[in-house]
Amino acid sequence: MEELIKKANVLVEALPYIRAFAGKTVVLELTPKSDQARSQISRIRMWIDEASWLPVQQKFFETSTDDYFLSHYTHVMKNLKIADAKFRPDWPKGVRIEKPRG
């Protein structure tokens, strides 16, 4: 884990426990190292479920205003088998497909 954190382009800080969800969560605050990323997002706060180690919530803070975008996850499943067909487009008849030019 320590090696992964060293390679990441973020600073990681564990925050004090906050009881916000059912079950125990670890709260991490991620701060981008690059000036370019930090010019848009000042930090990301992430709540991770201790039982599954999957995120249950993420809060992205904008740099200039400290406004935030909140993503909350429920009914998360890991290693779910998804058929390849689910990733193929199923366009209705008569749809015209245009490809980017460039």
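As shown above, the structure is provided for reference.
No experiment lies behind these values; they were computed from the predicted model shown.

*Asks:* Tell me about the overall build of the protein chain, residues and numbers included.
*Replies:* Helix and strand counts for the protein chain come out as 2 helices and 5 strands. Element order for the protein chain, N to C, with α for helix and β for strand: α-β-β-α-β-β-β. For the protein chain, buried positions account for 19% of its 102 residues. Pairs at least 24 residues apart make up 18% of the contacts formed inside the protein chain by residues separated by at least 6 positions.

*Asks:* Please set out a nonpolar patch on the surface residue by residue, giving values where relevant.
*Replies:* There is a patch of nonpolar side chains on the surface, built from Met77, Leu80, Ile82 and Phe87 and spanning about 470 Å² of accessible area. Within the secondary structure, Leu80 sits in the segment after β5 (68-72).

*Asks:* Give a detailed account of the packing of aromatic side chains, specifying residues and quantitative values.
*Replies:* If you walk through the whole model with that rule in mind, you get 1 aromatic pair. Taken together, a centroid distance of 5.9 Å and an interplanar angle of 55 degrees make the contact between Phe61 and Tyr68 tilted. The class of Tyr68 is partly exposed, set by a relative accessible area of 47%. Across from the ring centre of Tyr68, 4.2 Å away, lies the NZ or CZ of Lys59, which sits over that ring.

*Asks:* With reference to specific residues and values, describe the pairing of β5.
*Replies:* Sheet topology places strand β4 (residues 55-62) next to β5; 5 bridges connect them, and they run antiparallel. If you follow Lys59 over to β5, its bridge partner there is Leu70. Counted along the chain from β4 to the antiparallel partner β5, the turn is 5 residues long, and its residue Asp66 has a positive phi close to 65 degrees.

*Asks:* Before we move on, can you summarise the environment of Tyr68 with the specific residues and values?
*Replies:* Within the element layout of this structure, Tyr68 appears in strand β5. Taking the C-alpha atoms as reference points, Tyr68 and Ile44, separated by 24 residues in sequence, lie 9.1 Å from one another. Not counting residues within four places of it along the chain, the set of residues in contact with Tyr68 comprises Lys59, Phe60 and Phe61.

*Asks:* Which residues make up the side chain of Gln57, and what are the values?
*Replies:* Summarising the element assignment, Gln57 is placed in strand β4. What makes Gln57 buried here is its relative accessible area of 12%.

*Asks:* Give a detailed account of the pattern of salt bridges, specifying residues and quantitative values.
*Replies:* All chains considered together, the criterion is met by 5 salt bridges. A salt bridge links Glu98 to Arg96; the shortest N-O distance between them is 2.3 Å. One exposure class covers both Glu98 and Arg96, and it is exposed. Overlapping salt bridges bring together Glu29, Arg43, Arg45 and Asp66 as one network.

Rules of the game
- Residues numbered from 1 in each chain as written.
- Predicted model: local features only at pLDDT ≥ 70, side-chain atom pairs only at ≥ 80, totals over all residues.
- Heavy atoms only, no water.
- Helix = DSSP H or I, 4+ residues; strand = E, 2+ residues; numbered from the N terminus.
- Buried < 20%, exposed > 50% of the residue type's maximum accessible area, 1.4 Å probe, protein only.
- Contact = heavy atoms within 4.5 Å.
- Patch = residues over 30% accessible without salt bridge, like charges linked within 9 Å, V, L, I, M, F, W, Y side chains within 5 Å.
- Areas by Shrake-Rupley, 256 points an atom, 1.4 Å probe, with all protein chains shown as cover.
- Salt bridge = Lys/Arg side-chain N within 4 Å of Asp/Glu carboxyl O.
- Phe/Tyr/Trp six-rings, centres within 6.5 Å; stacked < 30°, edge-to-face > 60°.
- Lys NZ or Arg CZ within 6 Å of the ring centre and 35° of its normal.
- Pairing = 2+ DSSP bridges.

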